[in-house]
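Each chain, letter by letter, is given below.
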Amino acid sequence: MNAMKIKLITLLIMLLPAAMGLKVSAAEYKHDIYVNQDGSGDYTTITEALEGIRAYMDYTVTVHIANGTYKEKIIIPSWLKNVSFIGEDPEKTVITFDHHANIDKMGTFRTYTVRVDANDVLFKNLTIENNAPQLGQAVALHTEGDKIRFVNCRFLGNQDTIFTGGKNARLYFADCYIEGTTDFIFGPATAYFKNCDIFSKRDSYITAASTPGDVRFGYIFDSCKLRAADNVKKVYLGRPWRPYAHTVFINCEMGSHIRPEGWHNWNNADNERTARYGEYGSHGPGAAQSGRVGWAMNITDADAAAYRSLTEVFSVTSGWNPTK
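What you see is a predicted model, and the numbers here were worked out from it, not measured in a lab.

Further remarks concern the sheet that holds strand β11 (residues 148–151). Strand order in the open sheet made by the ten strands is β1-β2-β5-β8-β11-β14-β17-β20-β23-β25, with parallel pairing throughout. Of all the strands in the sheet, the pair left with one neighbour each is β1 (32–35) and β25 (276–280). Geometrically, the sheet is characterised by an average inter-axis angle of 10° between neighbouring strands, direction not taken into account. One ladder, built from five bridges, connects strand β14 (residues 170–174) with strand β17 (residues 190–194); its direction is parallel. Across the sheet, residue L171 finds its bridge partner in β17, namely A191.

Structure (structure tokens):
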């Protein structure tokens, strides 16, 4: 009996109780799904695997993804939750696509490789890439959901690598590598970056937050390393995509590519009255404060303690500590 027939029989067995009007416990559904391009798993693509996950689960399903390059444009729909996507190796488990904004007037927000509309999702040990040529905005990761975690992941792209969507949405990036050229981390969500490697590929801007004015926390970079390609010498920490952009760097290592001014007003002096930018305790040749813009925030010890408290940062709508 071939693998396809086995999968079909298994699916029928799973669906039969529900078809007969019987209640099926969560324990009777599959909690572990395996994706492998060689056909040895449950599915050969991640897109197919998503079809095998029940909506609105109260238990966790883990999608194990074997090494391989998966050229797929993926949406994690809003009716899924409690799903973990675990790669085999962050450098060898690669999800990639190549859309950019100038293809058929696509625009920025349709260029994603992976879009996450779901809540309570974990990504670990994998790469999400947009490998489009540098012809326009090209998003690798687009998030709209809440309580999304990324651990030991790599995000590869150029302009607009990561879009963090959703007012009051909460994201946590730990031990991740993020690269790009211009505004390669941007959007309105509250996002915490812990021990991440931030790599600039061009003289430009790292962040372009659009934090709403009534949201206390935007982007927080804690103990991250800011590096750049050898030919990159003039990079700003951020510019405000919207007036109340909030971005802080705490205890980060900053290379010499960071401009003395640190921050840019996006050619609008009015943004200097509203943007919320600051630094605390960082080190390295790019961390010197003597040349910083005068309109940046003065972060106190108390402020820094609040920024480093995940419980406080993520208490915007309900309690959440992504490390527990």
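Having seen the structure, we can now continue with the description.
Applying the stated rule across the entire model yields one cavity of 30 Å³ or more. What the largest cavity holds in volume is close to 30 Å³. What lines the largest cavity is simply I46, I65, I74, I76, F85, I95, F123 and L126. Classifying every residue of the lining of the largest cavity gives eight nonpolar, no polar and no charged.

Core analysis: the biggest nonpolar cluster contains 65 residues, and F85, F123, F155, F173, F193, I198 and L226 have the highest contact counts within it. Ignoring anything within four residues of it in the chain, the contact list for F155 reads I128, L141, F150, T161, I162, F173, C176, Y177, I178 and E179. Of all hydrophobic cores here, the second largest spans 14 residues; its members include I220, A304, V313 and W320.

The topology assignment puts T207 in strand β19 (residues 205–209). Residues T207 and I162, 45 residues apart in the sequence, show an inter-C-alpha distance of 9.7 Å. Here T207 is in contact with D183, I185, Y219, F221, L237, G238, R239 and T247, once residues within four sequence places are set aside. At 2.9 Å, the side chain of T207 and the backbone oxygen of L237 are in polar contact.

So, on to the pairing of strand β9 (residues 127–130). On β9, burial covers both faces: T127 and E129 on one face and I128 and N130 on the other are all buried. Pairing of strand β6 (residues 93–97) with β9, which is carried by four bridges, proceeds in the parallel orientation. Residue V94 lies in a different strand from β9, and its bridge partner there is T127. Sheet topology note: the β9/strand β12 (residues 154–156) ladder contains three bridges and is parallel. Paired with E129 across the strands is L156, a residue of β12.

Rules of the game
Residues numbered from 1 in each chain as written. Predicted model: local features only at pLDDT ≥ 70, side-chain atom pairs only at ≥ 80, totals over all residues. Heavy atoms only, no water. Pairing = 2+ DSSP bridges. Helix = DSSP H or I, 4+ residues; strand = E, 2+ residues; numbered from the N terminus. Axes fitted to C-alpha atoms, helices over the stretch in contact; angles between N-to-C directions. 1 Å grid on protein atoms, 1.4 Å probe; cavity = no way out; pocket = protein on both sides within 12 Å on 5 of 7 lines; lining within 4 Å. Points joined across faces, edges and corners; volume = space filled by probe spheres on them. Nonpolar A, V, L, I, M, F, W, Y, C, P; charged D, E, K, R; others polar. Core = buried A, V, L, I, M, F, W, Y, C linked by side-chain atoms within 4.5 Å. Buried < 20%, exposed > 50% of the residue type's maximum accessible area, 1.4 Å probe, protein only. Contact = heavy atoms within 4.5 Å. Polar contact = N/O pair within 3.5 Å; in protein donor to acceptor, adjacent residues only side chain to side chain.

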